[in-house]
Every structure is written in C-alpha cells, then in structure tokens.
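Single-letter residue listing:
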Amino acid sequence: MMEKYEQWMIRYGRIYEDSDEQHRRFQIFKHNVALVEAFNAVENKSFNININQFADLTQEEFKKYYLGARLPSQSSLNNVQTLNDENIIDLPPSINQEPRPMCNLLKMEINAASCWAFAVAAAIESAYKIKYGRLIALSEQQLLDCVSPGSLKYDYCGYGYPLHAYSYIMANGGLTTEYNYPYQEKKQYCANWRAYQIAVGIQNYYTLPSYSEASIMQALMRQPVVVIIDAYNSGFMFYNEGVFDGKLPDG
C-alpha cells in the first residue's frame, strides 16, 4: 500500500510539511482505497468510483475545500420568477448535443469552494454560444470577489449562492472576461475597475422547483441551467464513470 501511496503522491504532486502529516494522510488514503475497492466489488451498479486527487482528504475536508454552493433563503426567492406549469412545452424524445459543443473545456476550481461561480459563468457562456455562435470565457473570479465581498479574514474561501450571482450580474450590467479578471484560486477584494468592463450581460433569470427533473428538462429546452446537488458523500468525491443513482459507498 505504501508503494501505491507514493506513486499517487508523485502523480498528483503531493508534498507534505513533515513526516507526521504524511503519515496522517497515508492513513486517510488507506481508508479511501479500501472504500473504493469495496464499493467497486459490488455487482450491478450504475456507476463506479476510483482513487483520484482527493484520496488523502476526509469527507469533511472535501466539503470544506470544494463544496461552496449554498441554497438561498426563502426570502431571497420572493422577487425571482419561477418556471412553472404555464411555461410547459412539448419535449423531444432526445437531443444530441455532441456534434455542436456548447461549452468551454472543463475547469478546476482548486480549493476555493467556488463551484457556484464556475457553474454560473459556464451557464452564461453556453447561453451566449447558443445565441451568438461563439464561445467566450467569462470571469469566475469576478463572481468570487464581488457577489458577497464580505471580510477576507473570515471568508477566505468563496462560498456562495448562484441566485446571488445572477442578481449581482444583473445589477452590474454583466460579466467581464476571464482574461480581464483571471482566476486566482481564492477570494480577494472586488476589483470594480475590472468588473465594470462588461463582456456579456443577461436580461433575466428564473428559479426551478426543487427536486423536479421535469422542470429541469423544460428549462434545458430554453437555455443552460445551474443545478445545486448534494455532493457531500464519497460517491461524488471519487466518482469515475456511469450514471450516479444515489447509492453511496459506506464511510
């Protein structure tokens, strides 16, 4: 197991402060390897998991560093339009998006808990591509810094709400480009002089009923959608391939 761990460290560039920390991480790594192997040994699963860059983290650490989206309060939804039964359209049996990619390459947030910002920026990038025929890279850092500026002393990571991000974008007039306001892997003070150099704006945004796949399908026929999911489990933490069905590994 130690040899496997050392190979994993080389692959993902892990260097620890001292031997005690390395030993502690090795114990976590062993636990996660055992969890992955036990789950993948079970037959008739719709998905499998694998050791990845998160293998030396506990689930609590994974949650702290990578799961930054927060659900909005009910009061914040009062003035937001909801896609409801009045907006229903007939759905085709299937849609093949493969011949016409509508999004940029996948990006990595590192450990800034900024998934919500990446999701909102990607949704607007795809909507722009659908309407104008070209992809543009928008600034996740602008959302991370400017949506809820707060105090950097107590809010180093960028926990946030997609709904607040859309509200900010409307108020600011839009988003600037990633080139103009590049990603820094942590929350910083809002650089308004960059943020005001607008590249793309939006006219409106809607919420969807929670836990409604039908509503998501209806919305996707119109434009890209940001969805918040509960990823606080080892199934998502080590997901490899297949259709995730909610049946999680133990541990």
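Residues numbered from 1 in each chain as written. Predicted model: local features only at pLDDT ≥ 70, side-chain atom pairs only at ≥ 80, totals over all residues. Heavy atoms only, no water.

Caption draft 1: A look at the side chain of Asn52. Mapped onto the elements, Asn52 comes out in the loop between strand S1 (47–49) and helix H3 (59–66). Given a relative accessible area of 10%, Asn52 falls into the buried group. Here the side chain of Asn52 touches Phe54 through a polar contact of 2.9 Å, landing on its backbone nitrogen. (Helix = DSSP H or I, 4+ residues; strand = E, 2+ residues; numbered from the N terminus. Buried < 20%, exposed > 50% of the residue type's maximum accessible area, 1.4 Å probe, protein only. Polar contact = N/O pair within 3.5 Å; in protein donor to acceptor, adjacent residues only side chain to side chain.)

Caption draft 2: Local environment of the packing of helix H1 (residues 2–12) against helix H2 (residues 19–40). Relative to each other, H1 and H2 sit at 105 degrees, their axes nearing to 10 Å. Judged by the inter-axis angle, H1 sits roughly perpendicular to H2. Mapping the contact onto sequence places Met2, Lys4, Tyr5, Trp8 and Met9 in H1 and Gln22, Arg25, Phe26, Phe29, Val33 and Glu37 in H2. When grouped by side-chain class, the residues that make up the contact of H1 with H2 number seven nonpolar, one polar and three charged. (Axes fitted to C-alpha atoms, helices over the stretch in contact; angles between N-to-C directions. Parallel < 35°, antiparallel > 145°, perpendicular 65-115°, else oblique. Contact = heavy atoms within 4.5 Å. Nonpolar A, V, L, I, M, F, W, Y, C, P; charged D, E, K, R; others polar.)

Caption draft 3: Local environment of the pattern of salt bridges. By the definition in use, this model includes six salt bridges. Glu21 is the salt-bridge partner of Arg24, the closest N and O atoms lying 3.4 Å from each other. Of this pair, Arg24 and Glu21 both sit in helix H2, three residues apart, which is roughly one turn of the helix. Exposure remark for Arg24: the relative accessible area of 38% places this residue in the partly exposed category. Residue Arg25 is joined to Glu61 by a salt bridge in which the shortest nitrogen-to-oxygen separation is 2.7 Å. Of this pair, Arg25 sits in helix H2 while Glu61 sits in helix H3, placing them 36 residues apart in sequence. Glu61 matches Arg25 in its accessibility class, with the two residues each being buried. Overlapping salt bridges, with partners in common, bring together Glu21, Arg24, Arg25 and Glu61 in one network. (Salt bridge = Lys/Arg side-chain N within 4 Å of Asp/Glu carboxyl O.)

Remember that the coordinates give geometry; whether it matters functionally is a separate question.
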